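# Breakdown of the fold
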Amino acid sequence: MRYKAALFDLDGTLTDSGEGIIQTGICAAKEKGIAIPDRAQLLRMRGPALIWSFTTLFGTTEEEALELIRIYRRYYPTVGPAHTTVFPGIEEMLRTLKNAGMRLFVCTAKYDVQAKMLCEAFHIDGYFEKIYGTGDPELHETKADIIRRILNERDISEKDAVMIGDKDVDMAAGKAAGVDTIGVRYGYAAQGELEGQEPTFLTENPETLTRLLLEDPQKAKKGLFIVFEGQDGSGKSTQIRALSQYLEEKGREVLHTREPGGTEVAEKIREILLDPENKGMNATCEAYLYAAARAEHVQNVILPALEAGKIVLCDRFMLSSIAYQGYGRELGVETVRQINSAALAGLEPDCTFFLSIDPLAGLSRIHRREPDRIELEGAPFHERVRRGYIDTAREDPKIETVDTTRPKLEVTADIIARFEKRFSDIL
Ligand code: TYD
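The present account deals with the structure reproduced in this document. (Residues numbered from 1 in each chain as written. Predicted model: local features only at pLDDT ≥ 70, side-chain atom pairs only at ≥ 80, totals over all residues. Heavy atoms only, no water.)

### Description of the overall build of the chain
Secondary structure assignment for the chain yields 17 helices and 13 strands. Rg of the C-alpha trace for the chain: 32 Å, well past the compact-globule value of 22 Å for 427 residues, more than 25% over. In terms of its C-alpha atoms, the chain occupies a principal-axis envelope of roughly 100 × 45 × 30 Å. Here the chain, with 427 residues, has 48% of them falling under the buried criterion. Taking the contacts inside the chain whose residues are at least 6 apart along the sequence as the reference set, 71% of them involve residues at least 24 apart. Carbon and sulfur atoms make up 51% of the accessible area of the chain, which totals about 20,700 Å². For the chain, the distance from the average site of its 55 positive side-chain charges to the average site of its 69 negative ones is 2 Å. (Helix = DSSP H or I, 4+ residues; strand = E, 2+ residues; numbered from the N terminus. Rg over C-alpha atoms; globule rule 2.2 N^0.38 Å. Buried < 20%, exposed > 50% of the residue type's maximum accessible area, 1.4 Å probe, protein only. Contact = heavy atoms within 4.5 Å. Areas by Shrake-Rupley, 256 points an atom, 1.4 Å probe, with all protein chains shown as cover. Lys, Arg positive; Asp, Glu negative; His and termini not counted. Charge placed at Lys NZ, Arg CZ, Asp CG, Glu CD.)

### What to know about the environment of E375
Here E375 lies in the loop between helix 15 (359-365) and helix 16 (379-395). A C-alpha to C-alpha distance of 8.8 Å links E375 and L274, two positions 101 residues apart in sequence.

### Focus: the packing of helix 7 (residues 143-153) against helix 8 (residues 168-177)
Running from amino to carboxyl end, helix 7 crosses helix 8 at an angle of 50°, the nearest separation of the two axes being 8 Å. It follows that helix 7 is oblique to helix 8 by the angle criterion. Every pair of crossing elements has a handedness; the one defined by helix 7 and helix 8 is right-handed. Judged by residue contacts, K143, A144, I147 and R148 of helix 7 engage D170, A173, G174, A176 and A177 from helix 8. Taken together, the residues of the contact of helix 7 with helix 8 break down into five nonpolar, one polar and three charged. (Axes fitted to C-alpha atoms, helices over the stretch in contact; angles between N-to-C directions. Parallel < 35°, antiparallel > 145°, perpendicular 65-115°, else oblique. Left-handed = near helix turned anticlockwise from the far one by under 90°. Nonpolar A, V, L, I, M, F, W, Y, C, P; charged D, E, K, R; others polar.)

By themselves, these figures tell us nothing about what the structure is for.
Structure below.
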């Protein structure tokens, strides 16, 4: 959960009192024999700006407006609540938040008896630990004072609380009391009113508000971790460059990295691993060395980049160990997972593109340079590696198998299309 306690403004945030205000205004005007304006004008009425509402919308003098306000106050306790409703989705939101263990409060500038009455009338009072309003009018409490009183009485620290409201005054009060603020756009705020107060968050409706409140920013990974896998010569580097260029054109910051390697120490381990001189290396030792390089890479490169909101494109990751050490060296998937468990620190790719290629065709593509220790392995080894990739890809919905027998540009278009399908929300 993002916060431990949520403080809700009442009118315009939980309840929709617009119609109650209009109907009370009509009663007052009728009693004084003042003409009722048309519906479009009536919809502009605002409870906290009654003088303005009567003089501008009903066309009264200031004196008449003051008289109307006196009558309005007499009618409001009966007429107002009868025409007030709870915004759609509010009950569901309160239920979800309460079930998640969030402490909920009403924090309104209304008199607290009135606020309690309204909440009881709509059967939402049970969701709140307490309903706070102004108790004693002599105290001249501001909304910020009420927030401070709640934090104090309920022993809640400022960083654990958030003030949620539909007006600039709610945002300003939250800020003054030192808590985060969330502005809701479905209430009565005028265009730009909430933005002017720079709330911590703005939200559209009770559903998005619920998600916002429950989301844990500690766990929320801002970046995206994309891995490219495939046997030697499958064209991973070309495709990573192409996706990287596409993402950068979309304005995203991209980090291109590879395994084994990516840090100074990991590059040294890489040299040991790929050096043909180390031909007889024990398979378990090999698995540990890949995992050791991975631990460096995850902690020093990948996690910080994700934390900074970057898209990490990584040439090989854990799936290489499954395929090469698990299947190729026949250590078994479970052993390889165990060896890697601490190195991964819980990190998993958001998506893996497995560039599928016949291993012998792949190896023939790389004969432009000296083969490394792994590439020097015989065909049966590379066939087992391929089996490892195929078996794992079949089981894991986050692995996209890409056919690389097509022209490079076609492969790129395919990868981009699949990326867009999966991550359209972040582009
Ligand atoms: P590299 O030159 O990076 O291969 P490529 O250019 O084909 O990606 O060499 C990495 C080699 O290490 C490659 O043959 C696959 C192997 N490898 C493993 O066996 N296990 C692993 O966990 C990783 C990351 C790579």
